[in-house]
Amino acid sequence: MQDIARILLHAVPTPPEDFLSAETVKPLWLRCCSASLSRVEPQWYCRGRLSVAVPGSAFAARLRQELPDLTPRLRTQPGLQGLLEVVIRVIEGPRPRLHGTQPVPARRSSEAARCLAGLALEVVDPELRASLDRLATTLGAEAKGAKDVRKTP
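Calculation notes
- Residues numbered from 1 in each chain as written.
- Predicted model: local features only at pLDDT ≥ 70, side-chain atom pairs only at ≥ 80, totals over all residues.
- Heavy atoms only, no water.
- Helix = DSSP H or I, 4+ residues; strand = E, 2+ residues; numbered from the N terminus.
- Buried < 20%, exposed > 50% of the residue type's maximum accessible area, 1.4 Å probe, protein only.
- Contact = heavy atoms within 4.5 Å.
- Core = buried A, V, L, I, M, F, W, Y, C linked by side-chain atoms within 4.5 Å.
- Disulfide = S-S within 2.5 Å.
- Pairing = 2+ DSSP bridges.
- Right-handed = clockwise from strand over helix to strand, strands pointing away.
- Axes fitted to C-alpha atoms, helices over the stretch in contact; angles between N-to-C directions.

Let's shift gears to the overall build of the protein chain. If you tally the helices and strands in the protein chain, you get five helices and four strands. Per-residue burial for the protein chain yields a buried fraction of 24% across its 153 residues. Sequence separation of 24 or more characterises 58% of the internal contacts of the protein chain that already satisfy a separation of 6 or more.

On to the nonpolar core, then. In terms of nonpolar packing, the biggest core is built from 20 residues, with Trp29, Leu50, Leu63, Leu70 and Leu74 touching the most fellow members. Looking at this core, the elements that each hand over two or more residues are helix H2 (22-32), strand E3 (49-54) and helix H3 (57-75). Among the elements that make up this core, the one with the highest residue count is H3 (five residues). Once you skip the residues sitting within four places of it in the chain, Leu74 turns out to touch Leu28, Trp29, Cys32, Leu50, Leu80 and Leu83.

For the rest of this paragraph, the subject is the state of the cysteines. With the rule as written, the count across this model stands at zero disulfides. Just so you know, Cys33 is unpaired, no disulfide at all, and the nearest cysteine sulfur is the one on Cys32, 7.8 Å from it.

With two bridges joining them, strand E1 (residues 20-21) and strand E2 (residues 41-46) adopt antiparallel strand pairing. Note that in E2 the partner of Ser21 across the bridge is Trp44. Where E2 hands over to E3, the hairpin turn is made up of two residues, of which Arg47 adopts a positive phi near 50°.

Turning next to the pairing of E3. Taken across its six residues, E3 has five buried, putting it largely inside the fold. Where E2 lies against E3, five bridges are found, and the strand directions are antiparallel. Bridge pairing links Cys46 to Arg49 in E3. In terms of handedness, the path from E3 via H3 over to strand E4 (residues 85-90) forms a crossover that is right-handed.

Our next topic: unusual backbone geometry. Negative phi is the rule for most residues except glycine; trans is the rule for most peptide bonds. For Arg47, which is not glycine, the phi torsion reads 50° and is therefore positive. Structurally, Arg47 can be placed in the loop between E2 and E3.

Taking strand neighbours across the sheet as the criterion, the four strands line up as E1-E2-E3-E4 in an open arrangement whose pairing is mixed. Where the open sheet ends on each side, the last strands, each with one partner, are E1 and E4. Strands in contact with H2 are E1, E2 and E3; relative to E2, the strand with the most contacts, it is inclined by about 115°. On the sheet, H3 packs against E3 and E4 and is oriented at approximately 160° with respect to E4.

This is how it looks when you write it as structure tokens:
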């Protein structure tokens, strides 16, 4: 049994002594940060580095502004006395829509089709000209179809 314990001790990595998980760091974070930073999620602390995740670049900017005041307060917390750096990771999620708003539909207009057709006449490259002609034809057909749908009561 001792042999197995010795093998596991060397085979299974153990976290550093000063490692703190998110569950341990979060209450310390909430104790020190302002209400405007409550959505910042601490991930872990280890070897002087505190890793946090923020829900967007605006929160990252706000956190960077408040770090000079926040860092000394964090250093007073048990386990964070050796804090040297806060690593900020921005997690971009889907942008929330206002309640009741609909997504903006794609605009297909006959004006855009005419514009592309006119541009195609001026292009020298035959492949690009053909691509612009196809796009103008497609947009023209979609715009015509959209108008027909709108006319129907």
